[in-house]
Amino acid sequence: MKRLLILGGTAEARALAAAIAETLPGRAEAVTSWAGRTGRAPDVAGATRVGGFGGGAGMVDYIKSEGIDIVIDATHTFAETISDHAHDAALIAEVPRLCLMRPPWRLPPGSRWVEVADLEAAAEAVGKFAKRVFLTSGRQTLEAFAGIKDVWFLVRLIDPPAEPLALAAYEVATGRPPFTIEHEKALMAEHNIDTLVSKSSGGPLPAKITAAVELGLPIVLIAPPPPVPGTRADSVATALEWIELQL
Ligand code: NAP
């Protein structure tokens with residue numbers, strides 16, 4: 001029996017854990033790891049652990065003490081630090097590692113979108129042409145937009161913020177994806193949104209993007225960081241095939 005560590009925080013990590021439990025019983029068992037940033041306990045097949053490892057060295061210790069044979073980095077495209085740690089830790093602990101990475105989005109022809117290099121560039125773009133922004137890039141990105149005075153933000157967060165946000169004018173809409181296209185269109189219409197800001201996260205096109213496209217709204221996409229080196233799979237099915245080859 002091989003022991004897998006799935007680094008999660010994504011729907012793909014959950015789907016992979018479920019697929020391993022269903023298709024590889026007796027051959028592989030997975031423990032899925034979550035950072036523990038949101039209030040909800042992970043709903044995932046198999047064993048779980050929650051919270052940081054204490055850096056790359058902590059992950060090496062975990063891999064060794066828990067007898068992990070394989071590491072699957074199924075973290076979000078924008079989660080850079082944990083992926084760097086996984087890269088280094090797998091090398092040091094001498095276990096194979098696979099990155100389960102979402103394929104980039106393809107927006108429909110006729111969509112009005114611009115891709116910017118980073119959060120600062122997104123804030124600059126928004127400051128130039130937007131008045132009412134649906135900001136969906138996540139809690140940790142809000143500071144980049146703090147200096148913008150003449151823009152109103154509808155900020156989507158998973159959990160309600162513990163403290164007021166550092167934005168001049170805003171409202172918070174809480175909710176956990178997935179959302180429906182109808183929900184997203186209604187939300188944007190209700191708040192007279194004129195621009196959507198999103199990380200270019202890859203994978204299936206989320207409802208917010210389709211909704212903005214259908215409403216003809218401009219979309220500011222924040223480009224993902226460069227991927228860490230190593231073997232990659234772009235779907236749960238491909239990751240499962242790779243795992244079977246390691247057993
Ligand atoms: P990050 O900057 O790469 O990670 C920061 C620290 O959080 C890591 O050094 C690690 O702490 C801990 N950590 C992150 N993912 C972990 C995991 N799966 N299991 C255990 N510890 C983890 O990550 P982030 O961008 O803050 O994202 C945090 C989590 O949310 C990730 O798991 C990611 O998959 C998920 N997520 C992120 C985004 C996003 O836009 N960034 C979006 C959706 C979901 P130690 O150094 O102590 O080990």
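This structure is a prediction, so every number in the text was calculated from the model and none was measured.

Q: Any chance you could explain the side chain of T210 here in plain terms?
A: Take T210: it is sitting in helix α6 (residues 207-215). The buried category is assigned to T210, whose relative accessible area is 19%. Residues in contact with T210, not counting those within four places in the same chain, are I181 and L205.

Q: Help me understand the nonpolar core in this model?
A: Across soluble globular proteins, nonpolar side chains have a tendency to be buried as a group. Residues L4, I6, L16, I20, I72, L100 and I243 are the most contacted members of the largest nonpolar core, which totals 22 residues. Within the residue set of this core, elements represented by two or more residues are β1 (2-7), α1 (11-23), β2 (28-34), β4 (70-73), β5 (97-100) and α7 (236-246). Apart from the residues within four sequence positions on either side, L16 is in contact with I6, I72, L100, V236, A239, L240 and I243. Counting residues in each nonpolar core, the second largest holds 20 residues, with V126, V151, L157 and V220 among its members.

Q: Is there a simple way to think about the domain arrangement of the protein chain in this case?
A: Interfaces are often sized by the amount of accessible area the parts lose when they come together. What the domain assignment reports for the protein chain is domain 1 (2-101 + 227-246) and domain 2 (113-222). Between domain 1 and domain 2, the C-alpha centre-to-centre distance is 29 Å. With eight residues of domain 1 in contact, the opposing surface of domain 2 contributes ten residues. Of the roughly 710 Å² buried between domain 1 and domain 2, counting both surfaces, carbon and sulfur atoms make up 47%. By the criterion of area lost to domain 2, the three top residues of domain 1 are R37, T38 and F78, representing 58% of everything that side buries. Across the domain 1-domain 2 interface, the total number found is zero salt bridges. In this structure, the connection of domain 1 to domain 2 is made through two residue pairs in polar contact (both at pLDDT 80 or more).

Q: When you look at the site of the ligand in this model, what are you seeing that I'm missing?
A: Near the ligand lie 22 residues; those nearest to it are S33, R37, F53, I82 and K199. Between an oxygen atom of the ligand and a main-chain N or O atom of G55, the distance comes to 3.1 Å. One of the backbone N or O atoms of I82 is found 2.9 Å from an oxygen atom in the ligand. Here the ligand, which alone exposes 800 Å², has 78% of that area covered by the protein. At the level of secondary structure, the elements contributing two or more residues to the shell around the ligand comprise β2 and α3 (80-93). Looking at which element gives the most residues to the shell around the ligand, the answer is α3, with four residues. Its residues assigned to classes, the shell around the ligand comprises six nonpolar, twelve polar and four charged.

Q: What is the right way to look at the pattern of salt bridges in this model?
A: Pairing of side chains with opposite charge becomes possible as their charged atoms draw close. This structure, assessed with the given rule, holds seven salt bridges. Close ionic contact of R156 with E184 constitutes a salt bridge, the shortest N to O distance being 2.5 Å. Of the two residues, R156 sits in strand β8 (residues 152-157) while E184 sits in helix α5 (residues 181-190), which places them 28 residues apart along the sequence. One network of salt bridges, in which partners are shared, links R3, E29 and E66.

Q: What am I meant to see in unusual backbone geometry here?
A: With glycine set apart, most residues show a phi of negative sign, and most peptide bonds adopt trans. Here P177 and P178 are connected by a cis peptide whose omega angle stands at 5 degrees. Tracing the sequence through the fold places P178 in the loop between β9 (170-174) and α5. The backbone of E94 sits at a positive phi, close to 60 degrees, despite the residue not being glycine. With respect to the helices and strands, E94 occurs in the loop between α3 and β5.

Q: Before we go on, may I ask you to explain the sheet that holds strand β7 (residues 132-135) in this structure?
A: Hydrogen bonding along the main chain pairs the strands of a sheet, whether they run parallel or antiparallel. Across the sheet, which stays open at both edges, the six strands sit in the order β6-β11-β10-β7-β8-β9 with parallel pairing between neighbours. A strand with exactly one partner marks an edge of an open sheet, and here the two such strands are β6 (113-116) and β9. Neighbour-to-neighbour, the strand axes of the sheet open up by a mean angle of 20 degrees, direction not taken into account. By the bridge criterion, three bridges tie β7 to strand β10 (residues 195-199) in an arrangement that is parallel. Opposite F134, over in β10, you have L196 as the bridge partner. Contacts from α5 reach β7 and β8, with the element oriented near 150 degrees to β8.

What counts and what doesn't
- Residues numbered from 1 in each chain as written.
- Predicted model: local features only at pLDDT ≥ 70, side-chain atom pairs only at ≥ 80, totals over all residues.
- Heavy atoms only, no water.
- Helix = DSSP H or I, 4+ residues; strand = E, 2+ residues; numbered from the N terminus.
- Buried < 20%, exposed > 50% of the residue type's maximum accessible area, 1.4 Å probe, protein only.
- Contact = heavy atoms within 4.5 Å.
- Core = buried A, V, L, I, M, F, W, Y, C linked by side-chain atoms within 4.5 Å.
- Domains from an automatic or database assignment.
- Buried area = accessible area lost by both parts, 1.4 Å probe.
- Salt bridge = Lys/Arg side-chain N within 4 Å of Asp/Glu carboxyl O.
- Polar contact = N/O pair within 3.5 Å; in protein donor to acceptor, adjacent residues only side chain to side chain.
- Near = heavy atom within 4 Å.
- Areas by Shrake-Rupley, 256 points an atom, 1.4 Å probe, with all protein chains shown as cover.
- Nonpolar A, V, L, I, M, F, W, Y, C, P; charged D, E, K, R; others polar.
- Pairing = 2+ DSSP bridges.
- Axes fitted to C-alpha atoms, helices over the stretch in contact; angles between N-to-C directions.

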